Amino acid sequence: MAAAVLLLLLAAAAEPGRADAGRERRDALREELLLSPLPTGDVAATFQFRTRWDADLQRGAVSHYRLFPKALGRLVAALGVRELHLALTQGFWRTRYWGQPPLQAPAGAELWVWFQPTVTDVDKAWKELSNILSGIFCASLNFIDSTNTVIPTASFKPLGLANGTDHHLLRYAVLPREVVCTENLTPWKKLLPCGSKAGLAVLLKAERLFHSSYHSQAVHIRPICRDASCLAVSWELRQTLTVVFDFFSSGQGKKDWSLFKMFSRTLTDACPLASQSKVYVDISPKNKEKELLEVSPSPTSVHEAIVQGDKKTYAVYDLLSPSLFNTSRSLNVQLKWKRPQDSSEMPIPTLHAQRYVGGYGLQTGEICTLIYNTHPYRAFPVILLETVPWYLRLYVHTLTIITKGKENKPSYIHYQPAQDRRRPHLLEMLIQLPANSVTKITIQFERALLKWTEYPPDPNHGFYVGSSVLSALVPSVTAMKDMDVEQSPLFASLFPSSDGSSYFVRLYTEPLLVNLPTPDFSMPYNVICLTCTVVAVCYGSFYNLLTRTFHVEEPSRGGLAKRLANVIRKFRGVPPL
């Protein structure tokens, strides 16, 4: 009888296993590394880890997490998040010299979130979300409040599926002074299905990643179509990390590099949970003389694609290919130039911008933004987003837009004035950029005098102003074809092309450092020292006189020593003591 019961229990336990084995997996992981030699001789490495999960997180019926991080899944379900985009960046991407990045982010911390229409109190959910993310990623996101949060109307549209675009469900904030270090990288790596133990993540050595010119790590969560019919929704988690190494080899002026030179490690295997693990090396010609690059070992395949309007050629290393690790136990990709590269002829990106502070003194100033359109014959519009803190009081009537010496009136403008200690300035404009032109945008401001308790510990360092955001559909020189998101590389699928004639670009300018009128903080110290001195001298003496007791001491006859001295003085004829 006991044996029969045991057989029945084993059979019942085996049935779910057969059902799960026959069922298609609902989640998948793709990992990818893109290595791009930059025109200046630097090297950019972009990691992307994409986890797709065929589940409905909004209904809260999910109880088992396999590849998708449970901390983020519960966060999306509890707070009604539709899209979440978080970036932590150290350094500034130099678009003028490095070209268009696959994914750019402003210096510091950037967070923008779309909430579900079912969320009744968006501000409360936004505050709770920033506090939770601050604990997950060990960052200072808890300093996000109403003074640095804005609601853009046109700049940030949903990147995934969107039933509506009610901008009241959007929140955007930037902390330009946030410093990124290893304590932010460690929790980011723990969200990966394989951690940093296998796959491409073994290259994420903090000592090498932060010894670079640019470091940016990001997390993107969005709903996407499950198939071509788009009848069901899947959730995508994309973790990206971009780092720029600036080093030159000492051999005959050539700029040679390898995985071991950059990361001090090599690749040994793919992540066991990944369905795709590839390394892409950009071997496209960098100048008009079609200078080619040599890569070793030989790639498993070559991929050609049109990325950001340019035709690119990539050497592909498939870590899941059995033939890749037959000759060697590790993969150390090396790239060598066939001849020295002439850095004087660097390609200029079609769209780039810069920003600076003008004026003199500590009362008034001017914010200047220069937007360049280097396309020879195509004009296109660009959306400019400016977020200025409340303590810089903008004079909107001084806003000027000059292109080729003439006034350029914006097609759309949205301005929300600031409120002292409550909300910042928000300025959005749709500006038409003529072909081969430079557009200069200036607006004057007045510096406010803060309360002495509102200054940071180092007030003379200055106050940071977040980067401007430029969003545009840039005309493509080469016609682009429609791509399959699931089959195309990850670095080309986050911003898919809407048509074959243009591609979407989002750029960020430099953050600004503005000095405010600063009081002499040594005066409180002087006042404290003077006050303490007066109290100690005057009050201390007066208190001493009031509390001191005086006693009359009777003269004593003296001891044995005094008597002996008087005897000796008597024999010498000297008066006694």
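Residues numbered from 1 in each chain as written. Predicted model: local features only at pLDDT ≥ 70, side-chain atom pairs only at ≥ 80, totals over all residues. Heavy atoms only, no water.

### Considerations on the state of the cysteines
So, point 1. Scanning all chains against the criterion turns up one disulfide.
So, point 2. Two residues, C194 and C271, share a disulfide whose sulfurs are 1.7 Å apart. Measuring handedness by torsion sign, the sulfur bridge of C194 and C271 sits at about 70 degrees and is right-handed. In this pair, C194 is assigned in the loop between helix 5 (182-190) and helix 6 (206-209) and C271 in the loop between helix 7 (259-263) and strand 10 (276-282), connecting sequence segments 77 residues apart.
So, point 3. We classify C194 as buried; its relative accessible area is 16%. (Disulfide = S-S within 2.5 Å. Helix = DSSP H or I, 4+ residues; strand = E, 2+ residues; numbered from the N terminus. Buried < 20%, exposed > 50% of the residue type's maximum accessible area, 1.4 Å probe, protein only.)

### With respect to the layout of surface pockets
Take a probe with the size of a water molecule and roll it over the atoms, and the empty space left behind shows itself.
So, point 1. In this model, the second largest pocket occupies a volume close to 940 Å³.
So, point 2. Broken down by secondary-structure element, the contributors of at least two residues to the lining of the second largest pocket are strand 6 (170-175), strand 17 (380-388) and strand 23 (463-465).
So, point 3. For the lining of the second largest pocket, the class distribution of residues is 19 nonpolar, eight polar and four charged. (1 Å grid on protein atoms, 1.4 Å probe; cavity = no way out; pocket = protein on both sides within 12 Å on 5 of 7 lines; lining within 4 Å. Points joined across faces, edges and corners; volume = space filled by probe spheres on them. Nonpolar A, V, L, I, M, F, W, Y, C, P; charged D, E, K, R; others polar.)

### Comments concerning the packing of aromatic side chains
The relative placement of two aromatic rings is captured by the distance of their centres and the angle of their planes.
So, point 1. By the definition in use, this model includes 16 aromatic pairs.
So, point 2. Between the aromatic rings of W93 and Y214, the centroid separation amounts to 5.4 Å while the plane-to-plane angle is 75 degrees, which identifies the pairing as edge-to-face. With a gap of 121 residues between them, W93 in the loop between strand 3 (81-90) and helix 3 (95-98) and Y214 in strand 7 (residues 214-225) connect regions that are remote in the sequence. Neither residue differs from the other here; W93 and Y214 are each classed as buried.
So, point 3. On the basis of an interplanar angle of 65 degrees and a centroid distance of 6.2 Å, the ring pair of Y455 and F463 is categorised as edge-to-face. Accessibility classification places Y455 together with F463 in one group, the buried group.
So, point 4. Within the aromatic cluster, the residues linked to one another by ring pairs are F47, F49, W188, F245 and F263.
So, point 5. One residue, R96, lies across the ring of Y97, its end atom 5.6 Å from the ring centre. (Phe/Tyr/Trp six-rings, centres within 6.5 Å; stacked < 30°, edge-to-face > 60°. Lys NZ or Arg CZ within 6 Å of the ring centre and 35° of its normal.)

### Side note on the confidence of the model for the protein chain
So, point 1. Mean pLDDT over the protein chain works out to 83, with 86% of the residues at or above the 70 mark.
So, point 2. Segment residues 1-24 is flagged for pLDDT under 50; beyond a separation of four residues in sequence, or across chains, it makes zero contacts in the model. (pLDDT = per-residue confidence, 0-100. Contact = heavy atoms within 4.5 Å.)

### Concerning empty space enclosed by the protein
So, point 1. A complete count under the given rule lists four cavities of 30 Å³ or more for this structure.
So, point 2. Put simply, the second largest cavity is a space of about 40 Å³.
So, point 3. Considering the residues around the second largest cavity, the lining is formed by L29, E31, F49, L192, P193, C194, G195, A198, A201 and C271.
So, point 4. When its residues are assigned to classes, the lining of the second largest cavity shows eight nonpolar, one polar and one charged.

### Structural notes on the pairing of strand 18 (residues 392-403)
So, point 1. Where strand 18 lies against strand 22 (residues 437-447), eight bridges are found, and the strand directions are antiparallel. By the bridge assignment, I401 is partnered in strand 22 with I441.
So, point 2. Here two bridges tie strand 18 to strand 19 (residues 406-407), and the two strands are oriented antiparallel to one another. The partner of T403 across the bridge, within strand 19, is K406.
So, point 3. The antiparallel hairpin formed by strand 18 and strand 19 contains two residues in its connecting segment, where K404 sits at a positive phi of about 55 degrees. (Pairing = 2+ DSSP bridges.)

### Regarding the sheet that holds strand 9 (residues 257-258)
So, point 1. Across the sheet, which stays open at both edges, the three strands sit in the order 9-14-11 with antiparallel pairing between neighbours. The open sheet is flanked by strand 9 and strand 11 (293-296), the only strands paired with a single partner.
So, point 2. Of the strand pairs in this sheet, strand 9 and strand 14 (residues 334-337) are connected by two bridges, and their pairing is antiparallel. When the sheet's bridge partners are listed, W257 is paired in strand 14 with L335.

### Observations concerning a nonpolar patch on the surface
So, point 1. Residues V535, Y539 and Y543 make up a contiguous nonpolar surface patch of roughly 340 Å² in combined accessible area.
So, point 2. Its place among the elements puts V535 in helix 8 (residues 522-547). (Patch = residues over 30% accessible without salt bridge, like charges linked within 9 Å, V, L, I, M, F, W, Y side chains within 5 Å. Areas by Shrake-Rupley, 256 points an atom, 1.4 Å probe, with all protein chains shown as cover. Salt bridge = Lys/Arg side-chain N within 4 Å of Asp/Glu carboxyl O.)

### A look at the environment of A71
So, point 1. The topology assignment puts A71 in helix 2 (residues 70-79).
So, point 2. On the accessibility criterion, A71 (42% relative accessible area) is partly exposed.
So, point 3. The spatial distance from the C-alpha of A71 to the C-alpha of I132 is 9.6 Å, given a sequence separation of 61 residues.

### Description of unusual backbone geometry
So, point 1. Residue S296 is joined to P297 through a cis peptide bond whose omega torsion reads -5 degrees.
So, point 2. Along the chain, P297 falls in the loop between strand 11 and strand 12 (301-307).
So, point 3. Unlike most non-glycine residues, C138 shows phi in positive territory, near 55 degrees.
So, point 4. Residue class for C138 comes out partly exposed when judged on its relative accessible area of 38%.

### A short note on the pairing of strand 24 (residues 469-475)
So, point 1. Among the seven residues in strand 24, six count as buried, and that is most of the element.
So, point 2. Both strand 17 and strand 24 contribute to a ladder of four bridges, which runs antiparallel. Its bridge partner lying in strand 24, L384 is registered against L470.

### Digging into the sheet that holds strand 4 (residues 108-115)
Note on sheets: strands pair through backbone hydrogen bonds, and any given pair is parallel or antiparallel.
So, point 1. Strand order in the open sheet formed by eleven strands is 5-6-4-3-7-8-2-1-10-13-12, with mixed pairing between adjacent strands. Two strands bound the open sheet, and with one partner strand each, they are strand 5 (149-150) and strand 12.
So, point 2. Pairing between strand 7 and strand 8 (residues 233-245): twelve bridges, direction antiparallel. Bridging from a neighbouring strand, R222 pairs with E236 of strand 8.

### Concerning helix 2
So, point 1. Burial in helix 2 covers these residues: L72, G73, L75, V76 and L79. Viewed along the axis of helix 2, the buried residues span an arc of 160 degrees, placing them on a single side of the element.
So, point 2. Here the buried face of helix 2 lies against strand 3, strand 4, helix 4 (122-137), strand 7 and strand 8.
So, point 3. Count one or two residues on from helix 2 and you reach G80, which has phi positive near 65 degrees. (Arc of directions from axis to C-beta.)

### Some words on the nonpolar core
So, point 1. The biggest cluster of nonpolar side chains holds 83 residues, and the ones touching the most others in it are F47, L84 and V281.
So, point 2. Summarising the domain contributions, this core has at least three residues from each of domain 1 (31-337) and domain 2 (351-482 + 494-514).
So, point 3. Apart from residues lying up to four places away in sequence, L84 is in contact with L75, L111, W112, V113, L129, L133, V219, H220 and I221.
So, point 4. Counting 17 residues, the second-largest nonpolar core is a separate cluster that includes I371, L384, L470 and V505. (Core = buried A, V, L, I, M, F, W, Y, C linked by side-chain atoms within 4.5 Å. Domains from an automatic or database assignment.)

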